[in-house]
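Next come the chains, spelled out residue by residue.
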Amino acid sequence: MTMKLHRRCPRSSAGALLSVIAGGRAVVLATVMVTGSALLTACGGSGADGPDAVITVGVAGNVFDVPLRVADAEGYFGKRGMKVDFVEVTAATGMPALESGSLQFLNSSPTNFLGGLARGLPVVAVGVDGLGNPLGLVVGDEFAERHGLTAGSPLDEVAEELRGSTGGYSSANTKAEAGIFLKAWEVGPEEVRWVSLPSPSADEAALDNGRIDWFLTSEPLPLQIQHSGGGVVVADSGKVVEWSSGYAGYGQVVVADKSYAGQHASTVRRFMAAVQDGAGYLAAHMDDPSVVAVAGKALPGVPAPVVRASIEEAEYPIFADMSAHDWRVTLRFVDDLGGLPEGAGITADGWTNTYLR
């Protein structure tokens, strides 16, 4: 992925613009959305502490965005004097946009956040809004039938049947997460024939045409394939303890630029209070059709039953505070995945509970 930044947007000036070029098409990150188009506005006018503050939030388009979407739908941001614009970003574009001032907050994976710290970016985690890893390992229907696998098969049987199979992967993380599961049941990752594919959708196509027997990726895709009759989810984060929060630590953290957080402490506190309210409402109304509909905005095109099952795969902490112990757990997990840059780590300077109620 090639990224080009045009005119770095100073935090103290108005009128400088940021444009991110990703994969050959421009993704314009903005503070105001008008008739569906993202328009860049003066940097100094966004994310202020006033009653009409417009907050631009970078999201990844996954189940960990749901607490923020619920908070917006239930008016928790509005009652605190904030209007929120969600802008979908990638691992490559999120941190640069946050650093430039085009985003006030980034809902980030710990891997991406820790990578930013390792590069010396002046960012800080101000709260956690997701725990664990909502993953699904889906096998093709033909493979499932041939090996007697169902959604209820014991994990040791699943792992044994994957010995000698062909697994697909579209990122180093998902391959490593699959390897963690296999090794837990004494199946060596080297006993699988691995096929590298460019994206989860390519994994799905390869499963459909029989090129691979199975693959692992984040929800909702595995459950969506099962829902459509194209495969069977034989392992998920509800069953695989090595993908749970106790082993994996943080799944998603809310990140801000340190300078922005210091200058707009009231906004950060109000933003995080709204996120916590959204997580609380989500936890209490997980089965409510209206909540499922709101969650669907974070997962466009996904059938409602799959949305509901997917959000149940993640954990949404009502108390967004962090701890040194949990960061150590997270660091160990990311390191096990091979996603921790050499020398990377996190100290008390990289995270804070200051902005939490």
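Refer to the structure above for everything that follows.
Residues numbered from 1 in each chain as written. Predicted model: local features only at pLDDT ≥ 70, side-chain atom pairs only at ≥ 80, totals over all residues. Heavy atoms only, no water.

Engineer: Break down the packing of helix H12 (residues 289–298) against helix H13 (residues 304–311) for me, citing the residues and quoting the values.
Structural biologist: For any two helices packed against each other, the geometry comes down to the angle between their axes and how far apart the axes lie. With their axes 9 Å apart at the nearest point, H12 and H13 run at an angle of 85 degrees to one another. When the axes of H12 and H13 are compared, the pair comes out roughly perpendicular. Residues Val292, Ala295 and Gly296 of H12 lie in contact with H13, whose contacting residues are Ala304, Val307, Arg308 and Ile311. (Axes fitted to C-alpha atoms, helices over the stretch in contact; angles between N-to-C directions. Helix = DSSP H or I, 4+ residues; strand = E, 2+ residues; numbered from the N terminus. Parallel < 35°, antiparallel > 145°, perpendicular 65-115°, else oblique. Contact = heavy atoms within 4.5 Å.)

Engineer: Residue-level account of the packing of aromatic side chains, with values.
Structural biologist: Per the counting criterion, the structure on display carries 8 aromatic pairs. Judged by centre distance (3.9 Å) and plane angle (5 degrees), the ring pair of Phe105 and Phe271 falls under stacked. Separated by 166 residues along the polypeptide, Phe105 in strand S7 (residues 105–108) and Phe271 in helix H11 (residues 265–284) bring together distant segments of the chain. Phe271 shares its class with Phe105; the two are buried. Ring centres 5.5 Å apart and planes at 70 degrees place the aromatic pair Trp194 and Trp214 in the edge-to-face group. Here Trp194, found in strand S11 (residues 193–196), pairs with Trp214, found in strand S12 (residues 214–218); they are 20 residues apart in sequence, far enough to count as distant. Given a relative accessible area of 21%, Trp194 falls into the partly exposed group. Feature note: the residues Phe77, Phe105, Tyr260 and Phe271 constitute an aromatic cluster, connected by ring pairs. (Phe/Tyr/Trp six-rings, centres within 6.5 Å; stacked < 30°, edge-to-face > 60°. Buried < 20%, exposed > 50% of the residue type's maximum accessible area, 1.4 Å probe, protein only.)

Just geometry here; none of it tells us what the structure is for.
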